[in-house]
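Given next are the chains, with one letter for each unit.
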Amino acid sequence: MSAGDHRPATMWGGRFAAPPDPQAYRYQASLAVDWRLWPYDIAGSIAHARMLAHAGIISAAEARQIVQGLADLRDDLQAGSAVPPADAEDVHSAIEAMLVARIGKPAEKLHTGRSRNDQVALDLRLYLRDEVRAVDHLLAKVQCALLDVAQAHTKTVMPGYTHLQLAQPVTLAHHLMAYYEMFRRDRARLAGILPRINVMPLGAGALAGSTLPLDRDYVARELGFPAVAANSMDAVADRDFVVEFIAAAALVMTHVSRLAEELVLWSSQEFGFVEIDDAYATGSSLMPHKKNPDLPELMRGRAARLTGDLVTVLTMLKGLPLTYNKDLQEDKPALFDAVDTVKDTVAILPPFLASLRFNVAKLAAGAAGTLDLALATDLAEHLVTQGIPFRTAHALVGQLVRYCLDRGRPLTKLTADDCRGVPGMDDGTAAAVAAWAASLQNGSVAEAAVARHRTVGGPAPELVAEAINRAKLACSGG
Ligand code: ARG
């Protein structure tokens, strides 16, 4: 069929003297993008047809034929034995055209009291309600995967950074549990937006409701909506729920991206903290020795798309007068991209995390830093326990750090004699420094130091192990 000659049948041709220009028609059509909404479009139409009969607007027999026709169509679409007409304008007209082709006359009553403006809002809300649950489920699995890895590493000490400069030792478990918390907030955010997605717009019509006795509560009950949109104009113009979802998904991807960035860094030869399994790595076409972390790099890269999707929808909305404008159709490419990207990304994380091989020795080796200087803060805090004001302790330890650097002596090997040369250090303080150093001498100094960081929310292994055990209870159910 030559596109140039083709004149599609539209839902709105009546007042037009001429058929649409094919190129213009294709430009405004959205079937290729919105076809994925078909299960929701059918579900919405079934509820609408039942309501029309319930309200006495169509007969019970007509409603039965429509509902049966839609149910059959759903089966055939699921089975792949039905396909939408390629020239349909959008998912709504495609489903209606297919129904008319199947059951004839009664199908022509389906669109009574309804506009595609409230219909598309309904479809999107039904769709997004499912996708919010799907993303939440995937995030729960990521959390459980993080807990598994963390549980194996509650005692694995590693360097903790600020400014990407070694700051204080932490554990790998504690570090990973930070991501667990981020995903916990992400899930709470998704739960928080659900009530605003879960509002039933149908009955708003094009913008001003209807003269027919539509029963909106009936439709809401049929489709499991706890609320009906309160204002018909807002109902067809509102896409806040799309913005909110994309924003929540963008934050999920931001968190994934930060984790991905750490894995890229940690898998470098220079860090050597982790080895990415061959199954999740890729090679170089030129350099035979390369093993590249493409997967986390792409996770980091794809986070950019969500930021773009968010900006797209916000920008699209900001200048729109009420109510429906065709610009709103542009919500879908952005929303679907956000949904697909976040789901694809989050779905790979659990097996990817499980496959990581952490180099415990390498992590531990750097934990206390050069000359154990990452324990300088602990020493200052020890002096505080001896009655020295923190500011004074900070200055004294700063001078000890200088001494260690000048002489190449570890902070944790200092003796009272070493302290003598430090101005302002009295004998009592020198003895306290030496006592602190001596108290760390059994085993790894970083391990000993981390175990003392027992603040609520801190990295001490028993605390983190407890947090993991508590959190794991939510995982056993699968
Ligand atoms: N495809 C349209 C969209 O996604 C459906 C609503 C069309 N309404 C209209 N009056 N053209 O926004």
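Residues numbered from 1 in each chain as written. Predicted model: local features only at pLDDT ≥ 70, side-chain atom pairs only at ≥ 80, totals over all residues. Heavy atoms only, no water.

**Some thoughts on the overall build of the protein chain**
- When helices and strands are counted, the protein chain shows 19 helices and 6 strands.
- Projecting the C-alpha coordinates of the protein chain onto the three principal axes gives extents of approximately 100 × 55 × 45 Å.
- Counting the 478 residues in the protein chain, one finds 48% classified as buried.
- For the protein chain, the accessible surface area stands at approximately 22500 Å², while carbon and sulfur atoms represent 55% of it. (Helix = DSSP H or I, 4+ residues; strand = E, 2+ residues; numbered from the N terminus. Buried < 20%, exposed > 50% of the residue type's maximum accessible area, 1.4 Å probe, protein only. Areas by Shrake-Rupley, 256 points an atom, 1.4 Å probe, with all protein chains shown as cover.)

**A word on the site of the ligand**
- Every residue lining the ligand is accounted for by S30, D34, D90, H92, R116, N117, V120, Y324, K326, Q329 and K332.
- One of the side-chain nitrogen or oxygen atoms of N117 is found 2.9 Å away from a nitrogen atom of the ligand.
- A distance of 2.4 Å separates an oxygen atom of the ligand from a polar side-chain atom of K332.
- Within the complex, the protein chains bury 87% of what would otherwise be the 340 Å² of accessible surface of the ligand.
- At 3 residues, helix α6 (residues 116-151) tops the list of elements feeding residues into the shell around the ligand. (Near = heavy atom within 4 Å. Polar contact = N/O pair within 3.5 Å; in protein donor to acceptor, adjacent residues only side chain to side chain.)

**Examining the state of the cysteines**
- Inspection of every chain in the model, using the stated rule, returns 1 disulfide.
- A disulfide bridge connects C144 with C475, and the sulfur atoms are separated by 1.9 Å. Residues C144 and C475 are joined through a disulfide that is left-handed, its torsion about the S-S bond being -100 degrees. Residue C144 is located in helix α6, and its partner C475 is located in the segment after α19 (461-472); the two are separated by 331 residues in the primary sequence. Across the pair, exposure class does not vary: C144 and C475 are buried alike.
- C404 takes part in no disulfide bond, and the closest cysteine sulfur, belonging to C419, lies 8.8 Å away. (Disulfide = S-S within 2.5 Å.)

**Re the environment of L396**
- Mapped onto the fold, L396 is located in helix α15 (residues 390-407).
- Its relative accessible area of 6% is what places L396 among the buried residues.
- In this structure the C-alpha to C-alpha distance between L396 and T429, which are 33 residues apart in sequence, comes to 9.4 Å.
- Aside from chain neighbours lying at most four places away, what touches L396 is V422, P423, G424, M425 and T429. (Contact = heavy atoms within 4.5 Å.)

**Remarks on unusual backbone geometry**
- Omega for the peptide link from L322 to T323 comes to 5 degrees, which places this bond in the cis form.
- Here T323 lies in the loop between α11 (294-318) and α12 (331-355).
- A positive phi angle, close to 60 degrees, is found at H163, a residue other than glycine.
- Examined against the element boundaries, H163 turns out to sit in the loop between β1 (157-162) and β2 (165-171).
- The phi torsion at D372 lies on the positive side, around 60 degrees, for a residue other than glycine.

**Points about the side chain of S93**
- Along the chain, the position of S93 falls in helix α5 (residues 91-103).
- The exposure class assigned to S93 is buried, which follows from its relative accessible area of 8%.
- Reaching out from S93, the side chain makes a polar contact with the backbone nitrogen of E89 at a distance of 3.4 Å.

**Some points on the layout of surface pockets**
- Quantified by volume, the largest pocket comes out at close to 690 Å³.
- Around the largest pocket, the lining comprises 27 residues; the ones closest to its centre are H174, H175, M177, A178 and G457.
- No other element matches the 7 residues that helix α7 (residues 172-197) contributes to the lining of the largest pocket.
- Looking at the lining of the largest pocket residue by residue, the classes come out as 14 nonpolar, 8 polar and 5 charged.
- The volume enclosed by the second largest pocket comes to roughly 360 Å³.
- Together, 17 residues line the second largest pocket, and S267, S268, Q269, V274 and K291 are the ones closest to its centre. (1 Å grid on protein atoms, 1.4 Å probe; cavity = no way out; pocket = protein on both sides within 12 Å on 5 of 7 lines; lining within 4 Å. Points joined across faces, edges and corners; volume = space filled by probe spheres on them. Nonpolar A, V, L, I, M, F, W, Y, C, P; charged D, E, K, R; others polar.)

**Topic: the environment of A471**
- Considering the arrangement of structural elements, one finds A471 in helix α19.
- Taking the relative accessible area as the measure of exposure, A471 reaches 10% and is therefore buried.
- Spatially, the C-alpha atom of A471 lies 9.4 Å from that of Y180, the residues being 291 residues apart in sequence.
- Beyond its immediate chain neighbours, meaning those up to four positions away, A471 contacts L147 and Y180.

**Quick look at the nonpolar core**
- Core analysis: the largest hydrophobic core is formed by 111 residues, its most contacted members being F245 and L335.
- It is α6 that contributes the most residues to this core, 16 residues altogether.
- Setting aside chain neighbours within four positions, we find L335 in contact with L124, Y127, L128, V242, F245 and I246.
- Listed in part, the 33 residues of the second largest apolar core include V157, A376, V401 and M425. (Core = buried A, V, L, I, M, F, W, Y, C linked by side-chain atoms within 4.5 Å.)

**Comments concerning α15**
- The end-to-end C-alpha distance of α15 is 25 Å, a good match for the 26 Å that 18 residues give at a rise of 1.5 Å each.
- Those residues of α15 lying buried are A393, L396, V397, L400, V401, Y403 and C404. For α15, the angular spread of buried residues about the axis comes to 160 degrees, placing them on one side. For α15, the exposed residues set more than 90 degrees away from the buried face come down to R391 and D406.
- In this fold, the buried residues of α15 make contact with α14 (376-385), α16 (416-420) and α17 (427-439).
- Downstream of α15 by a residue or two, G408 has a phi angle that is positive, lying close to 65 degrees. (Expected span 1.5 Å × (residues − 1). Arc of directions from axis to C-beta.)

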